[in-house]
Amino acid sequence: MAAQIWGSEKRARRRREISAKIAQMPELHDSKPLPFMTREEKIMESARKLTILTEKMGQIIDPTDPAELYHLNNEVLGLEGNPMALHGVMFIPALSAQASDEQQAKWLPRALRREIIGTYAQTELGHGTNLQNLETTATYDLATQEFVLHTPQITALKWWPGNLGKSSNYAVVVAHMIIKAKNYGPHPFMVQLRDEKTHEPLPGITIGDIGPKMAYNIVDNGFLGFNKYRIPRTNLLMRHTKVEADGTYIKPPHAKINYSAMVHVRAYMLTGQAIMLASALNIATRYSSVRRQGQIDKSQPEVKVLEYQTQQHRLFPSIARAYAFQFAGAETVKLYEHVLKEMKSGNVSLMADLHALTSGLKSVVTYQTGEGIEQARMACGGHGYSMASYISEIYGVAIGGCTYEGENMVMLLQLARYLVKSAALVKSGQSSKLGPLVAYLGVKSEPTSLIDRIPNSGFTEYVKTFQHVSKRQTLKAADMFFGLMEKGEKREIAWNKCSVELNRASRLHTRLFIVEAFVRRVNEIADIRIKEALTDLLHLHVNYELLDIASYALEDGFLSASQLDYIRDQVYLYLGKIRPNAVSLLDSWEFSDIELRSVLGRRDGNVYENLFKWAKSSPLNKTDVLSSVTQYLKPMMEKARL
Ligand SMILES: CCCCCCCCCCCCCCCCCC(=O)SCCNC(=O)CCNC(=O)[C@H](O)C(C)(C)COP(=O)(O)OP(=O)(O)OC[C@H]1O[C@@H](n2cnc3c(N)ncnc32)[C@H](O)[C@@H]1OP(=O)(O)O
Ligand SMILES: Cc1cc2nc3c(=O)[nH]c(=O)nc-3n(C[C@H](O)[C@H](O)[C@H](O)COP(=O)(O)OP(=O)(O)OC[C@H]3O[C@@H](n4cnc5c(N)ncnc54)[C@H](O)[C@@H]3O)c2cc1C
C-alpha cells in the first residue's frame, strides 16, 4: 500500500531508509517537544537542524529528488516551517521558470548551494488577491539602465512573504513595471535585500517579521518596503518578458506566464495537504483504537472508541479523501511538469487548463483537509485539544492553504470562468471544442441515475451521477449569468450576482475530478489485496461524497429518495468493512514517530504513560510554586484572609 501512496515500491523503500537513517542521528531530532518552546527557540532549533542537514543531506537523501527532500523536511524540520521554507517552495521554482538561461547560470547554482537564501515577495499590506492593484513600482531609469523599486505608501509594503522578515537575503519581488510612464503590470525582479556578509538590510530597504500567526510560526513571514531602491535592468526575470536597454518592452507569449510560481505551489501543495490530513487521521485512528470508553453491549467490557459508528463516520470518509487527494495530487504534479516543460519551449496552450484545474483543486482540497483534521481533533476528545496530540498545529498549518496561493473563493471563481466559457461552447453547439477535463459537459446524460440498479458497474454509474450534477450546476450558473447580461446587467455586476452559484459549479466539477482520479488509480492496481482494500475505500468515498452533494441530484429527480437510502446504506456497509483495516490504511503512509510529533499518535500506543511524562516536562512544572503565585496570587489570598 505504501507503494501506491508514494508512487512506487522504490519510493516507499527510500522513505523507509531515510526515516531509519534519521532515527540514528539524534542531532537531527527535536531537542525537546516543539510545543514547549518559545517562537525564538523554535526558530533557533530549526536553523540548527537546517545547517546540519545542509552538511549531511547527501548522506541521507538524493538532494536532486524533490520527493526525498520533502520527506527529509517533514521528518527533521516538520510542519511548522523552517528558515528556508520559501527558498525551495517558491524562490527556486520562480527562478527556474522565469529567469533566462543566463540569469539562471548566475543565480541558481548559488541558490542551490545555499550561498544565498531567497523568498517570493508578492503580497502587500493592502492587496494580495488583486494582483493588478499591487502598489510597489519598478520604474525604469533609461539613463542608468536600472529599475527603481519604490513603496509609495504603507499599503504598498510587501506583507506575508515567508522567511522574508529575518532569514532571506534575496527575494523575487513582484512590482508594477513602469517604462517611459507606461505601466506594463506586475513583473518579477530578482532583488538583493541584505548585505551578504553582515546580513544587515541594504540602504533603502525596510524589513522585518510580521509577528506570530495562528500556526506555522517557525517561518518569519515578513514585511518589506523600498525607498527608491535601485537594481540593474538585468534583474528583471527575462525568460519570457524582456526590457532592452533603450526601454523597449518585449511581451511574453502568455499574459499570465509570470504567475507560474503560484501555479507550481498550487500543483504541489495537494499532496502536501493529503499528507497533513493522513497525519492527523493516523493520530486520531491509532488513539481511537487505544482509548476505551463506554460499552456498546452493557454485558461486555468498555470498547475502543473506534467501534462506535459515529467515530467511524467521523474518521473513515476523511481517510478516503486523504487517499483521493494523494492520487489526484500525483496526477496534477505530472500534468504541471508536462505543462512547465512545454511552457519553457514556448508552448503555452495548456496553461489555461492547468490554471483552472489547480485553482479548483487547491480550494476543495484545502477546505476538506481542514474539515477532516478538525474532525480528527474532536475524535480524540479532550486529549485532542492538548498540544500533545499535535493536531492543532497540523490544522493551523493546513488551513493556511485555504488562504495562501489564492484565497479559496477567488480561486474557485477562476475555475468558474473556465467553466462558463465551456458552457458557452456547449450552448452554441461547439461541444467538440471542449477540452478533455470538461468534455462531459457536452455529453447528453440519462434522465435518472442507475446507481442502485447496476451495483457492479465499476463506479461508472457513480461517475455519471457526479458528471450529471456538475454539468447541470455549471449550465444553470452559466444561464443565470448570461440571462442577467441579456437583461442589460454589466458583465462584472452579473458575475458577482451569480458568484455563489458559480462557485458551487466549480466545487462540483473539482469533486468529480477527484472521484475520477481515485477510480483511475484503483483501476490500474494489479495486486488483488491492495485493490480490494482501496476498492472498499473508494466505495465509501463515492457514496459519502454523493450523499454530501445529494441535493443537486434530488432537485431534478436524477436521484430518487429510495436511491438516497441505498447510498446511505452503502456508506454504513463500507464503514463496517473498513473498520478492520482502518489503522493499517493510515499506518501504510509510514509516518515515523519523529515526523508525527504526537503523544497520542505514537506507533506503540503507549499513550497514557507518555501523556503524563509529557505533562511533567512542561516548563510550568520546573518549580512547584510559580512566581505569578508568589508575586500576585499569594498576596491576594493573604490579603483576603486578613
Ligand atoms: C514532491 C512532494 C512535494 C510536496 C510539496 C508540498 C509543497 C507545498 C508546501 C506548501 C508551503 C507553502 C508555503 C506558503 C506559500 C505561500 C506563497 C504565496 O501565497 S505567494 C502569493 C500568492 N498569491 C496569489 O495566489 C494571488 C491570487 N491572485 C491571483 O492569482 C490573480 O490575481 C487572479 C488569478 C485571481 C486574477 O488575476 P488577473 O491577472 O487579475 O486575471 P483575471 O482574473 O483578469 O483573468 C484574466 C485571465 O487570466 C487567466 N489566468 C489567471 N491566472 C492564470 C494562470 N496562473 N495561468 C493561466 N491563466 C491564468 C484567467 O483564467 C483569465 O482567463 P480568461 O477567463 O480571461 O480566459
Ligand atoms: C501562511 C501564509 C503564507 C503566505 N506566504 C506568502 C508568500 O510567501 N508570499 C506572498 O507573496 N504572499 C504570501 N501570503 C499571502 C497570501 O498569498 C494572500 O494572503 C492570499 O493570496 C489572499 O490574499 P488577501 O490576503 O489579499 O485576501 P483578500 O483578497 O483580502 O481576502 C479577503 C476576503 O475577500 C474575498 N475576496 C477578495 N477578492 C475577491 C473577489 N475578486 N471575488 C470574491 N471575493 C473576493 C476573499 O474571498 C476573502 O473572503 C501568505 C499568506 C499566508 C496566510
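Residues numbered from 1 in each chain as written. Chains lettered and ligands numbered in written order. Predicted model: local features only at pLDDT ≥ 70, side-chain atom pairs only at ≥ 80, totals over all residues. Heavy atoms only, no water.

In the annotation of an unreviewed UniProt entry, the chain is listed under the name Acyl-coenzyme A oxidase and assigned to Caenorhabditis briggsae. Quoted straight from UniProt, the Cofactor (unreviewed entry) entry for the chain says "FAD". Quoted verbatim from the Subcellular location (unreviewed entry) field of UniProt, the annotation for the chain is "Peroxisome". (UniProt positions renumbered as here; feature names shortened; annotations may be inferred.)

Colleague: Account for the site of ligand 2, naming residues and giving values.
Modeller: Around ligand 2 lies a shell of 18 residues, among which Y120, T123, G128, T129 and E407 are the nearest. Note that an oxygen atom of ligand 2 is positioned 2.5 Å from one of the side-chain N or O atoms of E407. When ligand 2 sits alone it has 970 Å² of accessible area, and the protein chains cover 63% of it. If one sorts the elements of the shell around ligand 2 by residue count, helix α12 (residues 408–427) sits on top with 3 residues. Of the residues assigned to the shell around ligand 2, the class counts are 8 nonpolar, 8 polar and 2 charged. A domain split of the shell around ligand 2 shows at least three residues from each of domain 2 (116–252) and domain 3 (259–425 + 467–585). (Near = heavy atom within 4 Å. Polar contact = N/O pair within 3.5 Å; in protein donor to acceptor, adjacent residues only side chain to side chain. Areas by Shrake-Rupley, 256 points an atom, 1.4 Å probe, with all protein chains shown as cover. Helix = DSSP H or I, 4+ residues; strand = E, 2+ residues; numbered from the N terminus. Nonpolar A, V, L, I, M, F, W, Y, C, P; charged D, E, K, R; others polar. Domains from an automatic or database assignment.)

Colleague: If you had to explain the pairing of strand β6 (residues 182–192) to someone new, which residues and values would you point to?
Modeller: Bridging between strand β5 (residues 170–179) and β6 involves 9 bridges; their strand directions are antiparallel. Counterpart to A171 in the pairing with β6 is V191. Between β5 and β6, which pair antiparallel and follow one another directly, the connecting turn spans 2 residues, one of which, K180, has a positive phi of 45 degrees. (Pairing = 2+ DSSP bridges.)

Colleague: How would you summarise the environment of K476 if you had to cite specific residues and measurements?
Modeller: If you trace the backbone, K476 turns up in helix α13 (residues 460–486). As a C-alpha pair, K476 and A423 span 53 residues in sequence and 9.4 Å in three-dimensional space.

Colleague: Describe a nonpolar patch on the surface, with residues and values.
Modeller: Among the surface-exposed residues, Y632, L633, M636 and M637 lie close enough to one another that they form a single nonpolar patch of about 430 Å² accessible area. You can see M636 is positioned in helix α22 (residues 627–641). You can call M636 exposed: its relative accessible area is 51%. (Patch = residues over 30% accessible without salt bridge, like charges linked within 9 Å, V, L, I, M, F, W, Y side chains within 5 Å. Salt bridge = Lys/Arg side-chain N within 4 Å of Asp/Glu carboxyl O. Buried < 20%, exposed > 50% of the residue type's maximum accessible area, 1.4 Å probe, protein only.)

Colleague: Tell me about the packing of helix α8 (residues 309–344) against helix α16 (residues 528–548), and name the residues and values.
Modeller: Running from N to C, α8 and α16 cross one another at 105 degrees; their axes reach a closest spacing of 9 Å. Considering the angle they form, α8 stands roughly perpendicular to α16. Contacts between α8 and α16 involve H313, F316, P317, I319, A320, R321, Y323, A324 and F327 on the former and, on the latter, L534, L537, L540, H541, Y544, E545 and D548. Considering only residue class, the contact of α8 with α16 consists of 11 nonpolar, 2 polar and 3 charged. (Axes fitted to C-alpha atoms, helices over the stretch in contact; angles between N-to-C directions. Parallel < 35°, antiparallel > 145°, perpendicular 65-115°, else oblique. Contact = heavy atoms within 4.5 Å.)

Colleague: Can you tell me about the nonpolar core, naming the residues and giving the values?
Modeller: Counting 103 residues, the largest nonpolar core has F316, Y323, F518, L534, L537 and W589 as its most contacted members. Examining the composition of this core, we find that 11 residues originate from one element, helix α7 (residues 260–288), more than from any other. Formed jointly, this core draws a minimum of three residues from each of two domains, domain 1 (2–82) and domain 3 (259–425 + 467–585). What F518 contacts, discounting residues up to four positions off in sequence, is A320, Y323, A324, F327, L534, L537, L538 and H541. (Core = buried A, V, L, I, M, F, W, Y, C linked by side-chain atoms within 4.5 Å.)

Colleague: Would you mind going over the UniProt feature "domain: Acyl-coenzyme A oxidase N-terminal" (unreviewed entry) in the chain in detail, with residue names and values included?
Modeller: Following the UniProt record, one finds the feature "domain: Acyl-coenzyme A oxidase N-terminal" (unreviewed entry) at residues 1–117. Counted over residues 1–117, helix gives 68% and strand 0%. Its end C-alpha atoms are 37 Å apart.

Colleague: Give a detailed account of the packing of α12 against α13, specifying residues and quantitative values.
Modeller: Direction vectors running N to C along α12 and α13 enclose 90 degrees, while the axes themselves pass 9 Å from each other. Compared by their axis directions, α12 and α13 come out roughly perpendicular. From α12, L419, V420, A423, A424 and K427 reach across to α13, where they touch T474, L475, A478, D479, F481 and F482. Looking at side-chain class alone, the contact of α12 with α13 contains 8 nonpolar, 1 polar and 2 charged residues.

Colleague: Outline the packing of aromatic side chains, listing residues and values.
Modeller: Applying the stated criterion to the full structure yields 14 aromatic pairs. Each member of the aromatic cluster is reached from another via a ring pair, and the members are W6, Y323, F327, F518, W589 and F591. Here R15 stacks its cationic end above the ring of W6, 3.6 Å away from the centre of that ring. The ring of F612 carries the charged tip of K616 above its face, separated from the ring centre by 4.2 Å. (Phe/Tyr/Trp six-rings, centres within 6.5 Å; stacked < 30°, edge-to-face > 60°. Lys NZ or Arg CZ within 6 Å of the ring centre and 35° of its normal.)

Colleague: Quick rundown of the domain arrangement of the chain? Include the residues and the values.
Modeller: Structurally, the chain comprises domain 1 (2–82), domain 2 (116–252) and domain 3 (259–425 + 467–585). Measuring from the centre of the C-alpha atoms in domain 1 to the corresponding centre in domain 2 gives 31 Å. Roughly 750 Å² is buried in total at the junction of domain 1 and domain 2, and carbon and sulfur atoms are behind 56% of that figure. Interface area lost by domain 1 to domain 2 is led by R39, E80 and N82, which between them contribute 64%. The tally of links between domain 1 and domain 2 comes to 1 salt bridge. R39 is the salt-bridge partner of D209, the closest N and O atoms lying 2.8 Å from each other. Between the two partners, domain 1 and domain 2, sit 5 residue pairs in polar contact (both at pLDDT 80 or more). In terms of residue class, the side of domain 1 that touches domain 2 is made up of 2 nonpolar, 3 polar and 3 charged. (Buried area = accessible area lost by both parts, 1.4 Å probe.)

Colleague: Let's hear about the side chain of R579: which residues, and what values?
Modeller: As for its position among the elements, R579 is in the loop between α18 (561–578) and α19 (582–587). Of the residues examined, R579 reaches a relative accessible area of 16% and is grouped as buried.

Colleague: With reference to specific residues and values, describe the site of ligand 1.
Modeller: For ligand 1, the set of nearby residues contains 29 residues, the closest of which are T129, Q132, K256, Y259 and K421. Elements with a minimum of two residues in the shell around ligand 1: α4 (66–77), α7, α9 (351–379) and α12. With 6 residues, the single largest contributor to the shell around ligand 1 is α7. Of the residues that constitute the shell around ligand 1, the class distribution is 14 nonpolar, 10 polar and 5 charged.

Colleague: Explain the pattern of salt bridges to me, and be specific about the residues and the numbers.
Modeller: Using the criterion set out here, one finds 40 salt bridges in the structure. A salt bridge links E68 to R14; the shortest N-O distance between them is 2.8 Å. Linking E68 in helix α4 with R14 in helix α2 (residues 9–23), this pair joins segments that are 54 residues apart in sequence. Accessibility classification places E68 together with R14 in one group, the buried group.

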